[in-house]
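Chain by chain, the residues run as shown.
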Amino acid sequence: MPNSTLSANMSYREVIPKNLNPAEWIEVKINTGTQSTLQDLKTFETSGGYCYKRCNSKQFRNRFIYWRANQDVLELSEVSLDISLQRNHLRLRFTDSAVLNVSLAEQLTSITLLVVTVSSVHRYMFPLKTAGQDGGCGTIPEDLQSQSIFYDVNEKINDPSSFYVTDSFGTIPPNVAVSHISHDALTAYFAVAYEDKLLLHTMNCSSGHTITNEVKEPYLMPRFLSNLKGALIGRSETQEAAMSMAFSEIEGQIYLLVLYRNNELRLWSGDGLQTVASANFFTGSNHAGSGAQGPQNNQLRKINDRDYCLFISHDNGAEFICLSIVPDPGDNKGIMLVKHEETAEAAPQMDLINFDATNSHIWALWSNAEGEFHVSAGHLSSKKVVKWVTAALETPPDRFRLIMDQDHVNPREAYCSYIFHPGRFDRHVITKALYMFRRVNMQLDVKQLSMSVLKEQVCTAVEDEIQNELKDFEVPDDVYWEIATRLWGRFYSCCEQYHIKFSELMGLAVLGGMDAVCLVRRQSFSLLRPCEVLEHLLLIGSDSKKVATFVAPIFRNDPAMATGFVNVMQVVTQMEGLISEDMKIEMDKQLYDRESPIEVISKVVSRLAALAAENVKTITQKFQDIPNLGPAVEMLLDVLSIIDPDAPPYDYSASSRFLQPTGALFGSEYGLAILAETVKQMAMIRFAVCRNLLILQYLVCKPGGMKTLNIETNINYLNCYSTLVWIADTPISLTAPAGLYLFLNLLKVAVSLYKSLFFSEASIQRLSRALLFSGYTRPYGSQLRNTGNDQTTLLSLFLQSKGLFSALAMVQKTDSLQLETEPFNLRDVLLQIVGSINKMLWPESPIYVFPEWLLGTCQHIIVQDYVRLLSGWCSTKTYARRFMLAVSLLDCGEAHKAVHEFQEIASWVVADDFLIEHVLKSTQLYSKLQESFVRGEAISAEDTHAAMVQYYLKVIKLYEQHSALDYINHLANEAMKVLGSNDPQLPMFQSIVFNIHLQWGHYDQAYHALVNNADTSRRKDCLRQLVITLFNTKKLQLLMRFSYHGLQNEFEDIVESRARALSIDQNDVYNFLYAFHTDQGNMRKAATVMYEQAMRLQVDSDAPNALEKRCSSLLVCLNSLHLVDSRYRWIAKPSIGDERVASIGRAEDEENELRDEEDTSGQEVIVLELADIRRELVHAEALLELSHFRKDAASYDRASPEELSYLLASCGLYTAALKLSRGHTFSVLPIFESLTTACVTATEDKSPNAWSWLQNNDMTDLPHRNNAADMAWALLEKLLGDNEEKNSTLIKKSIVNRLLVMNAFVPQWLMDSYKLENSRELLHLFVKHNRLLEAADLGHEMIGGMLGAGCEYFDFKHSVNVTNPQLAFPINTIDLLLHALKVNSKDDIEYKMASIKLEEQVHRYIDTVKRTTEDKMGMAILQSREERQQQQQQPFFH
């Protein structure tokens, strides 16, 4: 305030913290073992408070304790406006002992509580969790800073050393007591006054030892003579009873100041227990009467150890008197009481409930005859009361406003929206009202009961009562409406009664450290704050001359200007009394509906003229008669103005100085509630001033003169303050979808609109993903969300999250206050912070804190309503609000409306700071624009163009999150319209259009969009997306149909990459590639694709049909290569696995490429021809065959062909095994040996499953036989003929050898075939295996054939003859055979006969050979002779 005179004359206003969490009480029962005295004593309810003295400590600044006592229950609550304390409510129950006095004292490390009951005295110490002597709190853990001093209270509070029983000192219980602890905290003093005596109890704080002394005068006469003296002079002991007491400690000495019923004040020495000074107040006073106390009780209050304030009641009035304890000038060691006569001031003609005093003020709580409470303050200046000023107390909820609101509205909706409006009724009140309404004894846990659940309980209870009255009868709607209105009205009456009861004032306490006053109510508390000038004049009012005098400093000490201002406010206040409540409510509704303020005022004026025309005329004339009316109105408008238009903008939302984990100034739930309520009170007062002033201006200027600057300014302020009231009063849910219970009382929002609401958390995430907002936090009130308060007001939520620390930063910067170090003064700081909050909320403020926060909360119904309220008249931040509206509409599902708003804002992005901050901040353009602003340069067209591009991108990101593809396409096309053909941003928007068509499934349009993309890399990326999408949707025909002009290589690379990236088990991409290359006529690439698929099936697949697919792929590969020119029937083998996969078909169309050329990476290119692929096919087919008979066939994938063939043979797959051997050099003899063994086994009938393995072989060319053995031998004969090479008997030898080993007979067809090929070898095998008889027969036949008998059945072409060449006779074999026959002939006649027969044949052969040899020799001789003769005769012929 400008000066002390203004502070002294300015009134106060009560601020009640609303919408708080239910108190969680720590219940402690204290039993002293005394007898019950409650039935014998009627005590008044008492209350008080104590403020911490450590104002410079952030931990204890703004922190106090208030208490209330009723009978034997003492409730103490510790409150901090800065830190939300835990376990801060303590309820002490002194069993059967009423509480008389409570006092609190602060020491360095603790708080001491002294309690006096009618039967005991108590001392309790609560440790302080401090950070040290410096008063800071930086070294205390965060959890300890938020702990109340009552946090650790437990049953140890019942320690016997902490109390002393006093019930044995009197038969009549005491009625007055006082307590005090010495400055050194070593001794506690308790003074207890009875009707007939005064006792002083002195307690040692260390041991608890207590000494009791009676405080009395030393009588020189017997007691009965003393009583007789009193009777003679008209003075009884009851008039000497103590009414009020106080301790004083001066220079280490304890004194007790006692005010008696006879208006006498005595100062007793605590050591000598004698009176050291006294004063009488029944003489020498203007209000003096008799010596007896008046109708009210005398009261004494301690200001400090030397100064006191007394309330003295007389028969004809009451007065306040200040006095001091001063040294006695006549006695160096004596003291005396000095009464300040100039401070004697008549008290108001009301009953005093309680009062308190400081060096500067006397605060009093009064009650009148109607039971209404009043609070007044007297300012002391030089020990003289200047004037009593009144405090405006809060009134109960207005039932009339509820009645007005419920017209044409469902009673349930009207009453619920009013009753459950945040802060209107406490949960305890509604719960008690519910008990009363139901008339049942039920209990609900209020701490765990949220308002939404409580609302359901109330609605159910009222609906049950309605149904009980209807009793299942069908009634008309108007009857039901009437019953519902009556029952809901009854429930509201219950709420109203309990609200009045629980809000009843009990007392007050001056919080000296905070320069504030606490009003203690029955179940809550409130604070008194100083009024601003407008509040004082409108709520309290006073003599205009006096007001003009003390407000003149505000107006540059211009008395004339101050007088004019006060006169205008007086007329405005008188107009407030003319306007009825229904007019105010109707006007509020019309302004909310955005009707023209001039039209609204004209309707009000018409109603006023009809109801009170004479009064209106008088007020109008008085308004016109004000001197200097124009300047006075301008001055009033200046006072109503919130912002300074010339102040530079500053981003207070970025400040984090006051963002502390444990809170900041006014950071607790109590502090935030007080701030929110103060903002609301001031906004409502100022709105009323604007409204009344506009009515007066309308009456003076008439409708035709309403275009003046002052009137337009007032209309603007009216709209602004209406918006502030709306912000302060709008409910918002913390748990339900945004705005679910919003404006039900006005029913301005359609039900269909609620269906489009989303949870704010999801909306915040969408904004964050679009880089438009980083979310919002609740640094101070985050703990409030989980305590049942699921609904609050928009203003409270704003203060909890961002508003408070932004306001503190503003105060710090603009007012240059050091909030962390300067002593705290509630009188000054509260209004400064509220002023900063108003600047942020002011619609025309350049500060973007509130709109930014509102957008971040994603409470879209509120956002839309906020924009609607400001549309049409507020020219500031227009484009920011339109952007907020567009985002809100989009999030509510109205994308068609949002897109129009977004388009309209696009060209103004660089013209609005809000859009620059939130749209461009994450871009490189942002810093460039900031530099331009700093230098004062104009933004270039190029930068504006770039900003629009970034803006469209952000908007498109928002639409993408809502899947609004139509509008994304539209926005992208709009963005491309402003871009040039060579703009580097154009391909990005073309890609966006492509993506939209792709998501729509418009694949043809998507293909054309990617083909037209100006950026090659983006074109390839789009093509990849298109290919992947079409593969996922199985639209392969489209992929085959597109031409891919200029993109074919990229297309092939993309498809190849996808083929290799996908699992081979479910991969149709290879088949598509094969079809694509086939369609293009490139069969080598098609073959390569199929071969790579076969390789991957071999390496990567474990599917059961992988082998079958592999065989099919290899077969297709072979077929494709057969369609290629014979010169190019080869492919380059791709590498897979850990090696780099070579590009399929790379450069295979080059005719002159060398097959053994190395690629660029230095790896050799393996060339595969038809034979190589065919071998792989046979190998794969063999594995496939094997897999039908062996489960572990896959483990033989890496087996050699030889090993695999033997495995096949072991499984009876002889044709497959022999097929595998073709093209390989390994021996097939083991296969035939295995088959021979199987044939022998089948012949001997040892294998009943001969047909099973026979059927697994190829027997298509074999004649059917009924015998499995015959079929087996036929298969062997066929396979032998197919696989035996010409002029080779290796296989036959192997078969015969196996037969002979198995001691089986050699089939005749095999014998005949073998004899034709190599009979000598066959004979040798027989001899080798000791098959002598068969060898003898064969030798006999063979020798016979040599001799000419059947030589055509053997491998020699002619017999022994003179004309034929000599034959090779197996002499060694025959000789060995004969020897063996001779050896065995001794025991077996058959061998002997065979030996004789063979010997005869050998002799025959020898004879024949001899004869033939001789003949040949003779012939040779003859021929030689003839030749010589011819040679001799030749010369003769010549």
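About the cut-offs
Residues numbered from 1 in each chain as written. Predicted model: local features only at pLDDT ≥ 70, side-chain atom pairs only at ≥ 80, totals over all residues. Heavy atoms only, no water. pLDDT = per-residue confidence, 0-100. Contact = heavy atoms within 4.5 Å. Helix = DSSP H or I, 4+ residues; strand = E, 2+ residues; numbered from the N terminus. Expected span 1.5 Å × (residues − 1). Bend = angle between axes of the 7 residues up to and from the residue. Axes fitted to C-alpha atoms, helices over the stretch in contact; angles between N-to-C directions. Parallel < 35°, antiparallel > 145°, perpendicular 65-115°, else oblique. Left-handed = near helix turned anticlockwise from the far one by under 90°. Nonpolar A, V, L, I, M, F, W, Y, C, P; charged D, E, K, R; others polar. Pairing = 2+ DSSP bridges. Buried < 20%, exposed > 50% of the residue type's maximum accessible area, 1.4 Å probe, protein only. Phe/Tyr/Trp six-rings, centres within 6.5 Å; stacked < 30°, edge-to-face > 60°. Patch = residues over 30% accessible without salt bridge, like charges linked within 9 Å, V, L, I, M, F, W, Y side chains within 5 Å. Areas by Shrake-Rupley, 256 points an atom, 1.4 Å probe, with all protein chains shown as cover. Salt bridge = Lys/Arg side-chain N within 4 Å of Asp/Glu carboxyl O. Polar contact = N/O pair within 3.5 Å; in protein donor to acceptor, adjacent residues only side chain to side chain.

1. Examining the confidence of the model for the protein
Line of reasoning, step 1. Per-chain confidence: the protein averages 81 in pLDDT, with 83% of residues scoring 70 or above.
Line of reasoning, step 2. Scored below 50 in pLDDT, residues 284-289 makes 13 contacts in the model with residues more than four places away or belonging to other chains.
Line of reasoning, step 3. Note that pLDDT drops below 50 for residues 777-786; the model gives that stretch 33 contacts with residues more than four away or on any other chain.

2. Description of helix H45 (residues 1308-1328)
Line of reasoning, step 1. Compared with an ideal rise of 1.5 Å per residue, which puts 21 residues at 30 Å, H45 spans 19 Å between its outermost C-alpha atoms and falls more than 12% short.
Line of reasoning, step 2. A bend of about 120° at Asn 1318 is the largest found in H45.
Line of reasoning, step 3. Summarising the contacts, the buried residues of H45 are in contact with helix H43 (1268-1283), helix H44 (1290-1301), helix H46 (1332-1346) and helix H47 (1371-1385).
Line of reasoning, step 4. Positioned one or two residues after H45, Asn 1330 has a phi angle of 65°, which is positive.

3. Examining the packing of helix H38 (residues 1170-1187) against helix H40 (residues 1214-1221)
Line of reasoning, step 1. Interhelical geometry of H38 versus H40 gives an angle of 160° and a closest axis separation of 9 Å. Relative to H40, H38 is oriented roughly antiparallel. Seen from above, H38 lies across H40 with left-handed handedness. Counted together, Val 1178, His 1179, Glu 1181, Ala 1182 and Glu 1185 of H38 and Ala 1216, Lys 1219 and Leu 1220 of H40 form the full contact between these two elements.
Line of reasoning, step 2. For the contact of H38 with H40, a count of residues per class yields four nonpolar, one polar and three charged.

4. Observations regarding the sheet that holds strand E3 (residues 46-51)
Line of reasoning, step 1. Pairing within the open sheet is mixed, and its five strands lie in the order E2-E6-E5-E4-E3. Unpaired on one side and paired on the other, strand E2 (25-30) and E3 mark the two borders of the sheet. Sheet twist, expressed as the average angle between the axes of neighbouring strands with direction ignored, equals 15°.
Line of reasoning, step 2. Taken together, the eight bridges between strand E4 (residues 63-70) and strand E5 (residues 73-80) define a ladder with antiparallel strand orientation. Its bridge partner being in E5, Tyr 66 is matched across the sheet by Ser 77.

5. What about unusual backbone geometry?
Line of reasoning, step 1. The backbone phi angle of Lys 877 is positive, close to 60°, even though this residue is not glycine.
Line of reasoning, step 2. Structurally, Lys 877 can be placed in the loop between helix H23 (860-870) and helix H24 (878-891).
Line of reasoning, step 3. By relative accessible area, Lys 877 is classed as buried at 7%.

6. Some words on the packing of aromatic side chains
Line of reasoning, step 1. In this structure the tally under the stated criterion is 43 aromatic pairs.
Line of reasoning, step 2. A centroid spacing of 5.2 Å and a plane angle of 85° characterise the contact between Phe 798 and Phe 850, whose relative ring orientation is edge-to-face. With a gap of 52 residues between them, Phe 798 in helix H20 (residues 794-814) and Phe 850 in helix H22 (residues 849-857) connect regions that are remote in the sequence.
Line of reasoning, step 3. Its relative accessible area of 0% is what places Phe 798 among the buried residues.
Line of reasoning, step 4. Pairing Phe 902 with Tyr 959 gives two aromatic rings, centres 5.9 Å apart and planes at 70°, and the pair type is edge-to-face. Of this pair, Phe 902 sits in helix H25 (residues 895-906) while Tyr 959 sits in helix H28 (residues 941-961); the two residues are 57 residues apart in sequence, bridging distant segments of the chain.

7. Regarding a nonpolar patch on the surface
Line of reasoning, step 1. Together, Ile 1389, Met 1393 and Ile 1396 give the surface a local cluster of nonpolar side chains, amounting to about 290 Å² of exposed area.
Line of reasoning, step 2. By the element assignment, Met 1393 lies in helix H48 (residues 1389-1437).

8. Side note on the side chain of Thr 793
Line of reasoning, step 1. Secondary-structure assignment places Thr 793 in strand E31 (residues 791-793).
Line of reasoning, step 2. With a relative accessible area of 8%, Thr 793 lands in the buried category.
Line of reasoning, step 3. Of note is the side chain of Thr 793, whose polar atom sits 2.8 Å from the side chain of Ser 796.

9. Digging into the pattern of salt bridges
Line of reasoning, step 1. Enumeration according to the criterion identifies 46 salt bridges in this entry.
Line of reasoning, step 2. For Glu 75, the salt bridge identified is with Arg 68, shortest N-O distance 3.0 Å. This pair shows no difference in class: Glu 75 is buried, exactly as Arg 68 is.
Line of reasoning, step 3. We note a salt bridge from Glu 214 to Lys 216, for which the minimum N-O separation is 4.0 Å.
Line of reasoning, step 4. Accessibility expressed as a relative area gives 32% for Glu 214, which makes it partly exposed.

10. Observations concerning the pairing of strand E9 (residues 120-127)
Line of reasoning, step 1. Within E9, six of the eight residues are buried, which leaves it mostly tucked inside the rest of the structure.
Line of reasoning, step 2. Summarising the sheet, strand E8 (residues 110-117) and E9 pair through seven bridges and their orientation is antiparallel. Residue pairing for E9: Val 116 is matched across the bridge by Val 121.
Line of reasoning, step 3. What sits between the antiparallel neighbours E8 and E9 is a turn of two residues.
Line of reasoning, step 4. By the bridge criterion, three bridges tie E9 to strand E10 (residues 163-165) in an arrangement that is antiparallel. In the strand pairing of E10, Ser 120 is matched with Val 165.

11. Things to note about helix H37 (residues 1106-1122)
Line of reasoning, step 1. Look at H37: 24 Å from first C-alpha to last across 17 residues, which is about the 24 Å you get at 1.5 Å a residue.
Line of reasoning, step 2. The inward-facing, buried residues of H37 contact helix H35 (1069-1080), helix H36 (1083-1099), strand E32 (1130-1132) and H38.

12. A few points about the sheet that holds strand E11 (residues 176-181)
Line of reasoning, step 1. Strand order in the open sheet formed by four strands is E11-E12-E13-E14, and the pairing between neighbours is antiparallel. Strands with a single pairing partner mark the edges of an open sheet, and in this sheet they are E11 and strand E14 (210-214). For this sheet, the mean angle separating the axes of adjacent strands, direction not counted, is 15°.
Line of reasoning, step 2. Relative to strand E13 (residues 198-204), strand E12 (residues 187-193) runs antiparallel, the two sharing seven bridges. Opposite Ala 191, over in E13, you have Leu 200 as the bridge partner.

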